[in-house]
Amino acid sequence: MADTDLTESGATTLSELRKKHSENWGIAATMRSASIPYTEGGSQNVQSFVPMMFYEDEAFFIHGIEGGLRLWEQGDWRLNTILRMRFIDLPREVQNDIGGDTGDFGFQLKKQWGEGWYSDLDLLSDKDYRLHGVATLGKNIQGDSFDLNATISAIYKDADFNSFYYGLSEYRDEGVRLGAGVDVKAGFSGRYHVYSNLYLLGGAYATYFDSNVRHSPTISESWEGEVFAGFGFFNDNRVTGRREISTRPYVRVAHGWATPSNIGEIIAGDVEKDPYNNQLTSVFYGHPLSDKLFGIPLDIYLTPGIVWHWQSEVQSSSAEIVMAIKAYYTIDWPTKWRVGVAEGLSYVNHITYVEQTELDEKGYEPSHLLNYIDLSVDVNLGDLFGKPEWNKAWLGYSLHHRSAIFEKASQFGRIKGGSNYNTIYLQFDF
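Residues numbered from 1 in each chain as written. Predicted model: local features only at pLDDT ≥ 70, side-chain atom pairs only at ≥ 80, totals over all residues. Heavy atoms only, no water.

K.L.:
Help me understand the packing of aromatic side chains in this model?
P.N.:
The geometry of an aromatic ring pair is captured by the separation of the ring centres together with the interplanar angle, meaning the angle of the planes. Tallied over the entire structure, the rule returns 17 aromatic pairs. Seen in terms of ring centroids, Phe-231 and Phe-233 are 5.9 Å apart; in terms of plane orientation they differ by 75 degrees. Their pairing is edge-to-face. For Phe-233, a relative accessible area of 25% puts it in the partly exposed group. Between Tyr-250 and Tyr-301, the aromatic rings sit 4.7 Å apart at their centres with planes inclined by 70 degrees, giving edge-to-face as the arrangement. One end of the pair, Tyr-250, is in strand β13 (residues 250-259); the other, Tyr-301, is in strand β15 (residues 296-309), and 51 residues separate them in sequence. What links up through ring pairs into an aromatic cluster is the set Tyr-38, Tyr-166 and Phe-209. (Phe/Tyr/Trp six-rings, centres within 6.5 Å; stacked < 30°, edge-to-face > 60°. Buried < 20%, exposed > 50% of the residue type's maximum accessible area, 1.4 Å probe, protein only. Helix = DSSP H or I, 4+ residues; strand = E, 2+ residues; numbered from the N terminus.)

K.L.:
So what exactly am I meant to see when it comes to a nonpolar patch on the surface here?
P.N.:
Together, Ile-141, Phe-146, Tyr-192, Val-194, Tyr-195, Leu-200, Phe-231, Phe-294, Ile-296, Tyr-329, Val-339 and Val-377 make up a nonpolar patch on the protein surface, roughly 1,000 Å² of accessible area in all. By residue number, the principal contributor to the nonpolar patch is strand β10 (residues 181-195), which donates three residues. Mapped onto the elements of the fold, Leu-200 is located in strand β11 (residues 198-208). With relative accessibility at 44%, the residue Leu-200 sits in the partly exposed group. (Patch = residues over 30% accessible without salt bridge, like charges linked within 9 Å, V, L, I, M, F, W, Y side chains within 5 Å. Areas by Shrake-Rupley, 256 points an atom, 1.4 Å probe, with all protein chains shown as cover. Salt bridge = Lys/Arg side-chain N within 4 Å of Asp/Glu carboxyl O.)

K.L.:
Explain the sheet that holds strand β17 (residues 336-348) to me, please; I cannot follow it from the model alone.
P.N.:
The strands making up a sheet associate through backbone hydrogen bonding, with each pair oriented either parallel or antiparallel. Read around the closed barrel, the eight strands follow the order β13-β14-β15-β16-β17-β18-β19-β20; overall the barrel is antiparallel. The sheet shows a mean angle of 25 degrees between the axes of neighbouring strands, taken without regard to direction. Bridging between β17 and strand β18 (residues 369-380) involves 11 bridges; their strand directions are antiparallel. Looking across to β18, one finds that Val-339 is bridged to Val-377. (Pairing = 2+ DSSP bridges. Axes fitted to C-alpha atoms, helices over the stretch in contact; angles between N-to-C directions.)

K.L.:
Got a minute to help me understand the nonpolar core in this structure?
P.N.:
By size, the foremost hydrophobic cluster in this structure holds 16 residues, and its most contacted members are Tyr-38, Ile-88, Tyr-165, Tyr-166, Tyr-171, Val-213 and Ile-219. Sequence-distant contacts of Ile-219, defined by excluding residues within four places in its chain, comprise Pro-37, Tyr-38, Thr-39, Tyr-166, Val-213 and Arg-214. If you look at the next biggest cluster of nonpolar residues, it comprises 12 residues, including Ile-27, Tyr-55, Leu-289 and Ile-300. (Core = buried A, V, L, I, M, F, W, Y, C linked by side-chain atoms within 4.5 Å. Contact = heavy atoms within 4.5 Å.)

K.L.:
Explain the pairing of β13 here, please?
P.N.:
In the case of a regular strand, side chains alternate between the two sheet surfaces. By the bridge criterion, eight bridges tie β13 to strand β14 (residues 279-293) in an arrangement that is antiparallel. Following the sheet pairing, Val-251 is matched in β14 by Tyr-285.

K.L.:
Just checking my understanding: could you explain the environment of Leu-370 for this structure?
P.N.:
The residue Leu-370 is located in strand β18 in this model. Note: C-alpha distance between Leu-370 and Gly-417 (47 residues apart in sequence) is 9.8 Å. Residue contacts for Leu-370: discarding those within four places in its chain leaves Gly-344, Leu-345, Ser-346, Glu-355, Arg-402, Ser-403, Ala-404, Phe-412, Ile-415 and Gly-418.

K.L.:
It is not clear to me how the pattern of salt bridges should be interpreted in this structure. Could you clarify?
P.N.:
It is possible for side chains of opposite charge to pair when their charged atoms get near one another. For the coordinates displayed, the defined rule picks out 22 salt bridges. Measuring nitrogen to oxygen at the nearest pair gives 2.6 Å for the salt bridge that ties Lys-157 to Asp-210. Here Asp-210 lies in the loop between β11 and α4 (211-214) and Lys-157 lies in strand β9 (residues 146-157), a separation of 53 residues in the sequence. When sorted by exposure, Lys-157 lands in the same class as Asp-210, which is buried. Residue Glu-355 pairs with Arg-402 through a salt bridge whose shortest N-O separation is 2.8 Å. Placement of Glu-355 in helix α7 (residues 353-362) and of Arg-402 in strand β19 (residues 393-403) is noted, with a sequence separation of 47 residues between them. By sharing partners, the salt bridges in this structure join Arg-32, Asp-89, Lys-185 and Glu-226 into a single network.

The values are spatial; any link to function lies outside them.
And the structure:
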């Protein structure tokens, strides 16, 4: 009797997972432009290309340049862990020397007040435990074809934070020590529905610095402004409604080999072998999001992955974490096969040899965080061998690509280059 109950319970759970409803998700490309408050350098503005992902469920969320986990929720209150990208708006000529933008982590307490009003209280730290806190009052406004979020924030920064990021105390010999202070930041961001899954994105913010920053010899302005604009593809349940989708979750296991060839050479079939035979092994999970985009049958997934770069005579072993959104298009001729493309972010704890070598040749400091692209083609093993019981298995090739978007992204250290691995994988739907 117990075995029967367990079997029925497991079947029910799997059935519910297969009948996954479409969720709030999106992927976007934006350009950000910000004024430069520093005295160093002759530029007055700096631009950066910023790819973004969006996703939210009951436990996890990604909102553009931040993401986190819901730890606790009671009524109108919620406690999150949060990881947020923060831009350092130095002249682009020196951004690679500094190391690009940074990320902060910590906790966020959120309260909903009704009628779109909310407040956030964030306690954040960078990787070296320089602390800052953000108190925000915000208002969400929703229309038939737009979403708008207006905010005003008070940002407390401790002395170490101010000294490092505004006094440049460890960046330059002429850097100074600064005391703690409170900035004020206000602005808005929003999106506008154009057609089907296509949206326009935009926003503008202004920050007024605290007195210690304003009077620092490294700072020439009292204010900093930033604007961003772009476009994205979203699944808006207010427009399409929630519906059951046919896309199944999957697990993909891959093994790959490094190549010094760039992505264009690999697509053209001109692949150079890595003389040191550096290799990786990866495991990706595919979380179903949608089975259509613009009415076209595309299987869309949120796909987190863990990658292990194996030790060789020129590198130590290292771990890589990936978060991406992937789309598959299925072609049923002469057997069932698919082409896929993924876009996301990749973080590696130790720079790999093939990546370090390319950047050394170009004179760049490497970045642990880079843009991630996955290009793949696979074939259904059940169709290929005439075995229906193998219909949930796929054999394929994928290109594992990390790059910095041709010096256009300050968050990736304003570099040009990256790494490529040719991989073979098995993917299992369930």
